[in-house]
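Chains, contacts and geometry: an overview
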Amino acid sequence: MIHATRQQRMPPGLHAIRGVMGMCHLLVDDAGVVLVDTGLIGEPLEIRGKLRRLGYGPDAVKAILLTHGHLDHVGNLAWAKAWTGAPLYAHQLEQAHIDGTYPYAGITLWCDRLERTGRLLLRVGQPTSIDVPINDGDELPFWGGLRVVHLPGHTLGHCGFYSARHDLLFSGDLFASYFFNVHLPPAILNDAPHLIADSLKRVRAINPSLIVPQHYDWLDGTLHRRRFDRLLQRVLPRL
Ligand SMILES: [Zn+2]
Ligand SMILES: [Zn+2]
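The shown structure was predicted, so the numbers you read here are calculated from the model rather than taken from an experiment.

**Observations concerning the overall build of the protein chain**
What the protein chain contains, in helices and strands, is eight helices and 13 strands. Taking 2.2 N^0.38 as the reference for a compact globule, 239 residues should give roughly 18 Å; the C-alpha atoms of the protein chain span a radius of gyration of 17 Å, in line with that estimate. Counting only C-alpha atoms, the protein chain reaches 45 × 45 × 30 Å along its principal axes. Partitioning the intrachain contacts of the protein chain with sequence separation of at least 6 by distance along the chain shows that 66% fall at a separation of at least 24. Carbon and sulfur atoms provide 58% of the accessible area of the protein chain, an area that totals close to 10,900 Å². Within the protein chain, one finds 24 positive and 22 negative side-chain charges whose respective centroids are separated by 6 Å.

Right, dumping it as structure tokens:
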């Protein structure tokens, strides 16, 4: 028997765009294309190429969904909005992150320094307005329906997107999932660490079969779900 590859086990129309810092995703169905996050280094070329190979132009992109406003997710946001003309959906609390004006404090000032350096060196992360503010429980009419799941902690407006059709959660930066290294984001990147435990429990309660974070090695939602369960056992008692 020939085993299905990891990509084949995933829902059709889910395309990973691998950048230098992490992943973003194109969700494609008959109604059009949705971009989840926009990446930092290398993604515009990848996104353009992937859409072209799928037979789409930029105007096929109906929406840009944002998990949160860290620079590795919004670096190409201004480009993506201008290139596609698509509206930006994000939690209103992420606007300051998007614009590079978030009032970092304490240990997260290191994140501020990293992002400022990135903006300066890479000339990315221009201020960009949220067009459609999203909130927990909103049902978005994309990819067969995506429910907004507010998962604060990493940032205050950090959101996941849950597809009931595919029983799949895009979990943003709730955790990162690499071989031998499944972890919560490091402390310098978490604006409100006291909220992380509840967000982890929230995902456990939703209990999706498939989880797709934004930093991972393989596009395999079953694998990331298994790793998430192991992570919970390890970190929840300490949070
Ligand atoms: Zn982040
Ligand atoms: Zn990230």
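**Some points on the packing of aromatic side chains**
The tally for this structure, following the rule as stated, stands at six aromatic pairs. Judged by centre distance (5.1 Å) and plane angle (15 degrees), the rings of tryptophan 79 and tryptophan 83 are stacked. Separated by four residues within a single helix, tryptophan 79 and tryptophan 83 lie in helix 4 (residues 77-84), roughly one turn from each other. Taking the relative accessible area as the measure of exposure, tryptophan 83 reaches 24% and is therefore partly exposed. Note that arginine 113 overlies the ring of tryptophan 110, its terminal NZ or CZ placed 4.6 Å from the centroid.

**Overview of the environment of isoleucine 47**
Following the sequence through the fold, isoleucine 47 ends up in helix 2 (residues 43-54). Given the relative accessible area of 2%, isoleucine 47 is considered buried. Sequence separation between isoleucine 47 and histidine 25 is 22 residues; the distance between their C-alpha atoms is 9.0 Å. Beyond its immediate stretch of four places on either side in the chain, isoleucine 47 contacts Ile17, Cys24, Leu26, Leu35, Trp79 and Trp83.

**Quick look at the coordination of the zinc ion (ligand 1)**
Each angle at a metal carrying four tetrahedral donors should ideally be 109.5 degrees, and each at a metal carrying six octahedral donors should ideally be 90 or 180 degrees. The protein atoms that coordinate the zinc ion (ligand 1) are His68 (NE2), His70 (ND1), His154 (NE2) and Asp173 (OD), at distances of 2.1 to 2.4 Å. Around the zinc ion (ligand 1), the four donor atoms sit at angles spanning 88 to 171 degrees, and that spread fits a shape best called irregular. Between the zinc ion (ligand 1) and the zinc ion (ligand 2), the interatomic distance is 3.5 Å, and aspartate 173 donates to each metal, bridging them. You can see histidine 154 sitting in the loop between strand 8 (146-150) and strand 9 (159-163) and its partner aspartate 173 sitting in the loop between strand 10 (168-172) and strand 11 (176-178), a full 19 residues away along the chain.

Calculation notes
Residues numbered from 1 in each chain as written. Chains lettered and ligands numbered in written order. Predicted model: local features only at pLDDT ≥ 70, side-chain atom pairs only at ≥ 80, totals over all residues. Heavy atoms only, no water. Helix = DSSP H or I, 4+ residues; strand = E, 2+ residues; numbered from the N terminus. Rg over C-alpha atoms; globule rule 2.2 N^0.38 Å. Contact = heavy atoms within 4.5 Å. Areas by Shrake-Rupley, 256 points an atom, 1.4 Å probe, with all protein chains shown as cover. Lys, Arg positive; Asp, Glu negative; His and termini not counted. Charge placed at Lys NZ, Arg CZ, Asp CG, Glu CD. Phe/Tyr/Trp six-rings, centres within 6.5 Å; stacked < 30°, edge-to-face > 60°. Buried < 20%, exposed > 50% of the residue type's maximum accessible area, 1.4 Å probe, protein only. Lys NZ or Arg CZ within 6 Å of the ring centre and 35° of its normal. Donors = N, O, S within 2.8 Å, 3.2 Å for Na, K, Ca; no water. Tetrahedral: all angles 85-135°; square planar, octahedral: opposite > 155°, others 65-115°.

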